[in-house]
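Summary of the model geometry
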Amino acid sequence: MHTGTTLTQFIIEEQRHIAGATGEFTGLLNDVVVAIKTISNAVNKGALIGVMGALDSENIQGETQKKLDVITNEMMIRNNEWAGHLAGMASEEMDEVYPIPTKYPLGKYLMVFDPLDGSSNVDINISVGTIFSILRAQVPNRAASEADFLQPGVKQVCAGYALYGSSTMLVLTTGHGVNGFTLDRDIGEFILSHPDMKIPADTKEFAINASNQRFWEAPVQRYVAECLEGSTGPRGRDFNMRWVASMVAEVHRILTRGGIFMYPRDTKDPGKAGKLRLLYEANPMSFIVEQAGGVSSTGYERIMDMTPESLHQRVPVILGSKNEVEVVLGYHKS
Ligand code: P6P
């Protein structure tokens, strides 16, 4: 019985499209997949292996760290530091760039990741995920500095997320569309289950944390107010709202049935440009969304065109169904 296209087979067939591909990238992606399977196992066992709850530490974001934030960060590091594909790694959970230990060879890629996005949901058993972005090292085989990571999103070689939900899925792009794979635990392989994912251009579903409403800028206030007016208002149709507080789950819903996700700039903390981080949340998700026919913007500019100023830089994010995002961008222009 044929198991279906495995992720390994898919990557090797993809590699044939990439001129000069040496197999390095395939090797790196396979190591990321091992890390994701390891994280899926830990997340799914949860309380049974004592990984729930918070530590009394904070990350650079000033957010309380969950035990699983640190555990999953370790899993990403340990599974990807040894093979000689990377010149450095960076993560939401680490203040500085992670240098590849000198006992291992250096490679030609950089990886930046959020090891457990939405981790505030892990104790209440709501879906969480891992987000990763792969860039080319500016100088291959040289230990990467922070500056090496500050590349615009259009330079990404690959972006992906794992979603630890009712099933564990991996969604991936290398710039040739978006493909989704579901983990078959019986054989320990990701199987191609959602080929060539596309975001519907229109939607009636918006996602935003409405408790921040009083802090939003005028264009977002206007857009959401019109959604709430529904068929009696200028949009002439009713909308639905979702907020999971897990970006991976929101983006996956949008890839599956359309929608618009917004974490806009708000005046709650004028010093912050937004909540989400450019390098390991906004950029990888923007690459995936654009490759699936969607749009991703700060409201004022295309996220993937931005040149990062620092590793943990925050940006406003408005992404999803092309025609709906363009309504919001129109309000920002007027
Ligand atoms: P709030 C999770 O912490 C996260 O970074 C995203 O995954 C999610 O969309 C957002 O923050 C949730 O933010 O303010 O609703 O808790």
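What you see as residue numbers is a count from 1 along each chain, following the sequence as written. The predicted nature of this model means local features are confined to residues of pLDDT at least 70 and side-chain atom pairs, given and counted, to a pLDDT of 80 or more, with totals for whole chains, interfaces and linings taken over all residues. Hydrogen atoms and water are omitted, and side-chain values are computed over all heavy atoms in the structure.

It is worth spelling out the environment of K103 at this point. In this text, helices come from DSSP runs of H or I with a minimum length of four residues, and strands from runs of E with a minimum of two, each type numbered from the N-terminal end. In this fold, K103 is placed in the loop between β3 (86-91) and β4 (109-117). Here the term buried applies to any residue with accessible area under 20% of the maximum for its type, exposed to any over 50%, and partly exposed to those in between, with areas from a 1.4 Å probe on protein chains only. Judged by relative accessible area, K103 falls into the exposed class, the value being 66%. Sequence separation between K103 and V33 is 70 residues, and the spatial gap between their C-alpha atoms is 23 Å.

Salt bridge criterion: a side-chain nitrogen from Lys or Arg within 4 Å of a carboxyl oxygen from Asp or Glu. Taken as a whole and judged by the stated rule, the model has 17 salt bridges. A salt bridge links R235 to E324; the shortest N-O distance between them is 2.7 Å. Here E324 lies in helix α8 (residues 322-333) and R235 lies in the loop between α5 (218-229) and β11 (240-242), a separation of 89 residues in the sequence. Of the two residues, R235 and E324, both sit in the buried class. The shortest N-O distance in the salt bridge between E324 and R237 comes to 3.3 Å. Taken as a pair, E324 in helix α8 and R237 in the loop between α5 and β11 lie far apart in primary sequence, 87 residues in all. Judged by relative accessible area, R237 falls into the partly exposed class, the value being 22%.

Quick look at the pairing of strand β9 (residues 189-194) now. Think of it this way: DSSP has to see at least two bridges between two strands before they count as a pair. Where strand β8 (residues 178-184) meets β9, 5 bridges bridge the pair, whose relative direction is antiparallel. Across the sheet, T182 pairs through a bridge with I191, a residue of β9. From the end of β8 to the start of β9, which pair antiparallel, there are 4 residues, and G188 there has a positive phi angle of about 70°.

Now for the domain arrangement of the chain. A domain assignment, automatic or from a database, supplies the domain bounds used here. Segmenting the chain into domains produces domain 1 (7-194) and domain 2 (205-333). Facing the 47 residues of domain 1 at the interface are 32 residues of domain 2. Here the quantity called buried area is the accessible surface, traced with a 1.4 Å probe, that two parts lose on coming together, added over both. When domain 1 packs against domain 2, close to 2,900 Å² is buried across both sides, 65% of that on carbon and sulfur atoms. Of all residues in domain 1, the largest losses of buried area upon contact with domain 2 belong to I131, L150 and Y161, amounting jointly to 19% of the total for that side. Taken together, the links from domain 1 to domain 2 amount to 1 salt bridge. Under this definition, polar contacts are N or O atom pairs within 3.5 Å; protein pairs additionally need one hydrogen-donor-capable and one acceptor-capable atom, and for neighbouring residues in sequence, both atoms have to be side-chain atoms. Taken together, the links from domain 1 to domain 2 amount to 14 residue pairs in polar contact (both at pLDDT 80 or more). Put simply, the parts of the chain that give the side of domain 1 that touches domain 2 at least two residues each are β3, β4, β5 (128-136), α4 (146-149), β6 (158-164) and β7 (168-173). It is β6 that contributes the most residues to the side of domain 1 that touches domain 2, 6 residues altogether. Classification used: nonpolar for Ala, Val, Leu, Ile, Met, Phe, Trp, Tyr, Cys and Pro, charged for Asp, Glu, Lys and Arg, polar for all others including Gly. Along the lines of polarity and charge, the residues of the side of domain 1 that touches domain 2 split into 23 nonpolar, 17 polar and 7 charged. In what follows, a contact means two residues having at least one pair of non-hydrogen atoms within 4.5 Å.

Another aspect to go through is helix α6 (residues 247-257). Buried residues dominate α6, accounting for 9 of its 11 residues. Every buried residue belonging to α6 is among M247, V248, A249, E250, V251, H252, R253, I254 and L255, and all of these are buried.

Our focus in this paragraph is the site of the ligand. Being near a molecule or strand, for a residue, comes down to having at least one heavy atom within 4 Å of it. Residues in close proximity to the ligand total 13 residues, the closest being D117, N209, W243, M247 and Y263. A distance of 3.0 Å separates an oxygen atom of the ligand from a polar atom in the side chain of N209. For the ligand, the accessible surface in isolation is 400 Å², of which the surrounding protein chains cover 84%. Among the elements of the structure, β12 (260-263) and β13 (276-277) are those that each provide at least two residues to the shell around the ligand. By residue class, the composition of the shell around the ligand is 6 nonpolar, 3 polar and 4 charged. Method for areas: the Shrake-Rupley scheme with a 1.4 Å probe, in which residue coverage is limited to the protein chains shown.

Moving on: the side chain of D69. Tracing the backbone through its elements, the reader meets D69 in helix α3 (residues 67-80). Charge convention: Lys and Arg are scored as positive, Asp and Glu as negative, and His as well as the terminal groups of each chain are ignored. It turns out D69 is buried and unbridged, and the closest side chain with the opposite charge, K66, is 7.3 Å from it. Residues contacting D69, with those up to four places away along its chain left out, are T64, E93, P115, L116 and S119.

The next subject is the packing of helix α2 (residues 24-45) against α3. Fitted lines through C-alpha atoms serve as axes, helices being fitted only where they are in contact, and the angles separating the N-to-C directions of these axes extend from 0 to 180 degrees. Running from N to C, α2 and α3 cross one another at 150°; their axes reach a closest spacing of 8 Å. In terms of their interaxial angle, α2 and α3 are classed as roughly antiparallel. Note that α2 runs across α3; the crossing there is right-handed. In this structure, α2 uses L28, D31, V32, V34, A35, T38, I39, A42 and V43 to contact α3, whose residues at the interface are L68, T72, M75, M76, N79 and N80. In terms of residue class, the contact of α2 with α3 is built from 10 nonpolar, 4 polar and 1 charged. Each angle receives one of four descriptions, namely roughly parallel if under 35 degrees, roughly antiparallel if over 145, roughly perpendicular if within 65 to 115, and oblique otherwise. By the definition used in this description, the sense in which the near helix is turned from the far one sets the handedness, with an anticlockwise turn below a right angle giving left-handed and a clockwise turn giving right-handed.

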